[in-house]
Amino acid sequence: MDNVFLYSGLYLAFLMLLSLYRPVFGPTVVDRMIGVNAIGSKTTVLLILIGLIFHRVDMFVDIALAYAMLNFLAVLAASRYFQKRKGLYDEPPYR
Amino acid sequence: MDIIVCLLLFAGLFFFTGGAVGILRFPDFYSRLHPAGKLDTLGALLAMIGLALFNLHHFSLGTLLTSLKIMLILVFVFLASPTATHAIVDAGVRAGLAPWTKGEERR
Amino acid sequence: MASQDQENLDDKASPGSGDMTPPGPAARQRRLFAYPFIVTFIIMLGLWLILSGRFDAFHLSLGLISCAIVSYLSSDLLFASPKITGLLRQWGRFIRYVPWLMLEIIKANLHVTYLVFHPRMMELIDPRIVKFRSKLKSDLALVTFANSITLTPGTITVYVSLDGDFKVHAIDKASGDPLPGAMEANIAKAFGEV
């Protein structure tokens, strides 16, 4: 069962690498925000998987809870912050 | 028991894959939000239910509390994810991004 | 627009305050405010017990004191109106709504996953903005409706006004068409607004 969790965690890390394309190349700022949010929601599951691999779930579950809240707050704060800066969206589309 | 856990975990990973591929493939910002915000939510739901079930193998007060905490994360994700999606959409709308319609080239 | 919203706010606020003032005496008011305090206290205590995980006298008394302080300070935030008499019945109806929502979410998720993995995806999707007006009245029902729409893939709530004007971004015709219908009826049933 440990091996299953190990390879699931590796696959999840690969998916996070895949969605890193959007934050790096995304045409607008909101596209980058979508990518960051998706990576954060995958990280929450990955943290619990790491806890199961190391047999310390009781410790890692608190970190996962804190990370979920932090991710939510970061997205809210970033979207409220970028609402007021219209000029930022004028960057040329990336083709 | 292990089979149910593996099934739930793999279903969650499948929806996560859908979310990651959807972010890469969809043509514009509004349609990218569909897989990003919600396939990830269902994936997290299935995977976390599986992990909470696996955690209950050796039943004691400690593991029960840990599983309850995982369920708490789940409830929080279910409340927070639509709100975060709505905040991002609001930022996009106020910036004046026009939705992609059929026939245009992808951005 | 803003003045119209303001009028609506006043309309919503007036029946509650009208209920409060005629009986007058402060004792009745205090008794009405006690229920939100107790409910908030129980929720906070449950959260404390799950999160701390220790059951000795020191941690329990610490939790009791902090939960009492927090729920005294913020009980009026969690329950905006002091009359919550039908609370248990309300929660029962709401819990009966959750499995239907789950089924709907899973069905729609499979639809979006099919779209994502389809090789000719660009021809299948047809994004559009759907506008409609909802019949729901209370703020909580509107928020639940908007969050349910956003949770069901294929549709995202872009804009909600206080009167129930919705703008929804739908990814194709199949997910955008049946919008106000069944989900609104179910939420109206769950909040007792038939």
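Look up a bit, the structure's there.
The next thing to look at is the overall build of chain C. For chain C, the helix and strand inventory stands at eight helices and three strands. Surface exposure of chain C reaches about 11600 Å², of which carbon and sulfur atoms provide 67%.

As a further point, take the interface of chain B and chain A. The interface of chain B with chain A comprises 42 residues on the first partner and 43 residues on the second. Regarding the contact of chain B and chain A, the summed buried area is about 3900 Å², with carbon and sulfur atoms giving 79% of it. Taken together, the links from chain B to chain A amount to four salt bridges. Two residues, D62 of chain A and K69 of chain B, come together in a salt bridge whose shortest N-O distance is 3.2 Å. Taken together, chain B and chain A are joined by seven residue pairs in polar contact (both at pLDDT 80 or more). Mapped by element, the contributors of at least two residues to the side of chain B that touches chain A are α1 (2–25), α2 (29–55) and α3 (61–95) of chain B. In terms of residues, the side of chain B that touches chain A owes the most to one element, α3 of chain B, which gives 16 residues. Per-class residue counts for the side of chain B that touches chain A are 28 nonpolar, five polar and nine charged.

One pass over the full model with this rule turns up eleven aromatic pairs over all chains. Taken together through their ring pairs, the aromatic side chains of F14 and F15 of chain B together with F117 of chain C make up a single cluster.

Tallying the contact residues gives 37 residues for chain C and 35 residues for chain B. For the pair chain C and chain B, the summed buried area comes to about 3200 Å², and 77% of that belongs to carbon and sulfur atoms. When the area that chain C buries against chain B is broken down by residue, the three leading residues are I50, V116 and I156 of chain C, summing to 18%. Run the count over chain C and chain B and you get zero salt bridges. For the pair chain C and chain B, the interface holds seven residue pairs in polar contact (both at pLDDT 80 or more). Looking at the side of chain C that touches chain B, the elements that each hand over two or more residues are α2 (26–52), α4 (87–117), α5 (121–124), α6 (139–151) and β2 (155–160) of chain C. In terms of residues, the side of chain C that touches chain B owes the most to one element, α4 of chain C, which gives nine residues. For the side of chain C that touches chain B, the residue count by class is 24 nonpolar, eleven polar and two charged.

Here is what the cut-offs are and how they apply
- Residues numbered from 1 in each chain as written.
- Chains lettered and ligands numbered in written order.
- Predicted model: local features only at pLDDT ≥ 70, side-chain atom pairs only at ≥ 80, totals over all residues.
- Heavy atoms only, no water.
- Helix = DSSP H or I, 4+ residues; strand = E, 2+ residues; numbered from the N terminus.
- Areas by Shrake-Rupley, 256 points an atom, 1.4 Å probe, with all protein chains shown as cover.
- Contact = heavy atoms within 4.5 Å.
- Buried area = accessible area lost by both parts, 1.4 Å probe.
- Salt bridge = Lys/Arg side-chain N within 4 Å of Asp/Glu carboxyl O.
- Polar contact = N/O pair within 3.5 Å; in protein donor to acceptor, adjacent residues only side chain to side chain.
- Nonpolar A, V, L, I, M, F, W, Y, C, P; charged D, E, K, R; others polar.
- Phe/Tyr/Trp six-rings, centres within 6.5 Å; stacked < 30°, edge-to-face > 60°.

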